[in-house]
Amino acid sequence: MVSKLALAVTDLRPTPSDQTGPRHVAIIMDGNGRWAQARGRPRLFGHHAGARRVRQIVESCPRLGIKFLTIFAFSTENWARTQAEVAGLMGLFQRYISKEMSALHAADVRVRFVGDRVRLDPKLVALMVELETLTIDNDTVHLTIALNYGGRDEVARATKRLAEDVSAGKLRPEDVDESTFPCYLDTNILPDPDLVIRTSGEARISNFLLWQSAYSEYEFIDTLWPDFEVAELEHLCQTFGNRGRRYGKAE
Ligand code: IPE
Ligand code: IPE
Ligand code: MG
């Protein structure tokens with residue numbers, strides 16, 4: 001139970017009073033395979049195009065008032081794809097981190113990874129840690145990359161750690177509530193997403209941020225991820241400002 005203070009500090013950071021757009025945007029980057037297939041190319045070609053798209057989106061965040069950007073790169077279910085596609089994606093993640101590391105740092109982006117690292121290649125994990133460590137003091141944009149992430153897996157791992165703390169006498173069962181439980185999630189110090197976007201026309205969440213998105217607004221758009229442009233993100237941020245978020249209250 002280490003992160004309660006950090007959680008409180010992050011949550012209390014004020015949203016600028018003139019901000020009507022979302023402060024935390026989470027994106028299910030879907031449609032790379034179909035984008036490639038439409039061009040008669042292998043699926044991996046689409047994943048490379050998708051990775052290139054990430055940079056422009058991250059760069060646009062300060063202007064759009066997005067302080068936290070969380071992107072779904074690989075789910076716990078994606079291991080079920082062909083060995084070739086999985087290997088290609090894992091190689092792409094390594095290359096992406098090596099290539100983007102200095103630009104992300106120069107742009108004052110703090111990078112975190114969420115998901116279970118146990119099944120990942122140690123070389124990839126070492127790069128993830130290097131990027132997290134290099135950017136730890138950056139604060140302009142907080143980029144969280146969900147890699148081998150599944151919402152159910154995250155909740156199960158969190159519950160295991162919580163149970164361990166209870167049995168070690170560090171936490172009393174009566175202190176487990178909606179504010180202590182998320183401290184055990186991978187996302188523990190992040191605020192919940194205001195807006196979750198899924199590209200590619202699928203209207204499902206595919207195991208993304210199950211706990212955290214309880215009150216997020218959702219946008220399911222037809223654009224395939226490699227075609228997703230900053231202008232569309234900007235439009236979604238503007239539309240977000242018109243939504244009435246009631247959190248169960250009556251107006
Ligand atoms: C999203 O694109 C990227 C990952 C899941 C890794 P897809 O690969 O799922 O693309 P489609 O949905 O098959 O088009
Ligand atoms: C969700 O996309 C996971 C990522 C974008 C990383 P999928 O393509 O894996 O989801 P399903 O299989 O269509 O639900
Ligand atoms: Mg897909």
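Since we're looking at a predicted model, the values are computed, not measured.

Student: Please explain the site of ligand 1 as it appears in this structure.
Tutor: Near ligand 1 there are 13 residues, and of these D30, G33, R34, R43 and R81 occur at the shortest range. At 3.3 Å from an oxygen atom of ligand 1 is found a main-chain nitrogen or oxygen belonging to G31. At 2.8 Å, a side-chain N or O of R43 approaches an oxygen atom of ligand 1. The site holding ligand 1 turns out to be the largest pocket. Sorting elements by how many residues they give to the shell around ligand 1 places helix 2 (residues 32-38) first, with three residues.

Student: Explanation requested: the side chain of S213 in the structure shown.
Tutor: Following the sequence through the fold, S213 ends up in the loop between strand 5 (195-198) and strand 6 (217-220). For S213, a relative accessible area of 7% gives the class buried. Setting aside chain neighbours within four positions, we find S213 in contact with P193, V196, F208 and Y218.

Student: Looking at this structure, how should I read the pattern of salt bridges?
Tutor: In a structure, side chains of opposite charge can pair up when their charged atoms sit close to one another. Counted by the stated rule, this structure contains 20 salt bridges. Its salt-bridge partner being R81, residue E85 comes within 2.8 Å of it at the nearest N-O pair. What makes R81 partly exposed here is its relative accessible area of 31%. Put simply, D30, R34, R198, E202 and R204 are held in one network by salt bridges that share partners.

Student: Please explain helix 6 (residues 151-167) as it appears in this structure.
Tutor: Given 3.6 residues to a turn, an α-helix orients residues that are three or four positions apart in the same direction. With 17 residues, helix 6 should reach 24 Å at 1.5 Å per residue; the first-to-last C-alpha distance of 24 Å fits that figure. Buried residues along helix 6 sit against strand 4 (141-149). A positive backbone phi angle near 80° is found at G169, which sits one or two residues after helix 6.

Student: Looking at this structure, I do not really get the layout of surface pockets. What am I missing?
Tutor: Unoccupied space between atoms shows up once a probe the size of one water molecule is rolled over them. When its volume is computed, the largest pocket comes out at roughly 630 Å³. Taken together, 33 residues line the largest pocket, and the ones lying closest to its centre are M29, N32, F72, A73 and N78. Secondary-structure elements contributing two or more residues to the lining of the largest pocket are helix 2, helix 3 (43-64), strand 2 (68-75), helix 4 (83-106) and strand 4. In terms of residue class, the lining of the largest pocket is made up of 17 nonpolar, eight polar and eight charged.

Student: What exactly am I supposed to notice about the packing of helix 4 against helix 5 (residues 122-134) here?
Tutor: For any two helices packed against each other, the geometry is given by the interaxial angle and the distance between the axes. Closest axis-to-axis distance for the helix 4/helix 5 pair is 10 Å, and the angle between their directions is 15°. As judged from the angle between their axes, helix 4 and helix 5 are roughly parallel. Like other packed secondary-structure pairs, helix 4 and helix 5 cross with a definite hand, here left-handed. Residues M90, F93, Q94, I97, S98, M101, L104 and H105 of helix 4 touch helix 5, and the partners they reach there are K123, L124, L127, M128, E130, L131 and L134.

Student: Hey, could you run me through the pairing of strand 3 (residues 109-114) in this one?
Tutor: For a regular strand, side-chain orientation follows a simple rule: the groups alternate between the two sheet faces. Of all six residues in strand 3, six are buried; the element is thus mostly enclosed. Burial along strand 3 is two-sided: the face carrying V109, V111 and F113 and the face carrying R110, R112 and V114 are both buried. With six bridges connecting them, strand 3 and strand 4 associate as parallel partners. Following the sheet pairing, F113 is matched in strand 4 by I145.

Student: What's the story with the site of ligand 2 in this structure? I'm lost.
Tutor: Taken together, I28, M29, D30, F72, A73, F74, N78, R81, R198, R204 and S206 form the complete shell of residues around ligand 2. Within the side chain of N78, an N or O atom sits 2.9 Å from an oxygen atom of ligand 2. In the model, an oxygen atom of ligand 2 is placed 2.6 Å from a nitrogen or oxygen of the S206 side chain. Coverage of ligand 2 by the protein chains reaches 78% of its 390 Å² of free accessible surface. Given that more than half its atoms are within 2 Å of the pocket grid, ligand 2 belongs to the largest pocket.

Student: Sorry if this is basic, but what is going on with the packing of aromatic side chains here?
Tutor: The geometry of two aromatic rings is summed up by the distance between their centres and the angle between their planes. Following the criterion strictly, the structure yields 10 aromatic pairs and no others. Here the aromatic rings of F74 and W79 are separated by 5.0 Å at their centres, their planes lie at 75°, and the arrangement is edge-to-face. On the basis of relative accessible area, F74 is assigned to the buried category, the value being 1%. Here the aromatic rings of Y149 and F208 are separated by 6.1 Å at their centres, their planes lie at 85°, and the arrangement is edge-to-face. Of this pair, Y149 sits in strand 4 while F208 sits in the loop between strand 5 and strand 6, and the two are 59 residues apart along the sequence. Through a chain of ring-to-ring contacts, three or more aromatic side chains come together here, namely F72, Y149 and F208.

Thresholds applied
Residues numbered from 1 in each chain as written. Chains lettered and ligands numbered in written order. Predicted model: local features only at pLDDT ≥ 70, side-chain atom pairs only at ≥ 80, totals over all residues. Heavy atoms only, no water. Near = heavy atom within 4 Å. Polar contact = N/O pair within 3.5 Å; in protein donor to acceptor, adjacent residues only side chain to side chain. 1 Å grid on protein atoms, 1.4 Å probe; cavity = no way out; pocket = protein on both sides within 12 Å on 5 of 7 lines; lining within 4 Å. Sits in = over half its atoms within 2 Å of the grid points. Helix = DSSP H or I, 4+ residues; strand = E, 2+ residues; numbered from the N terminus. Buried < 20%, exposed > 50% of the residue type's maximum accessible area, 1.4 Å probe, protein only. Contact = heavy atoms within 4.5 Å. Salt bridge = Lys/Arg side-chain N within 4 Å of Asp/Glu carboxyl O. Expected span 1.5 Å × (residues − 1). Points joined across faces, edges and corners; volume = space filled by probe spheres on them. Nonpolar A, V, L, I, M, F, W, Y, C, P; charged D, E, K, R; others polar. Axes fitted to C-alpha atoms, helices over the stretch in contact; angles between N-to-C directions. Parallel < 35°, antiparallel > 145°, perpendicular 65-115°, else oblique. Left-handed = near helix turned anticlockwise from the far one by under 90°. Pairing = 2+ DSSP bridges. Areas by Shrake-Rupley, 256 points an atom, 1.4 Å probe, with all protein chains shown as cover. Phe/Tyr/Trp six-rings, centres within 6.5 Å; stacked < 30°, edge-to-face > 60°.

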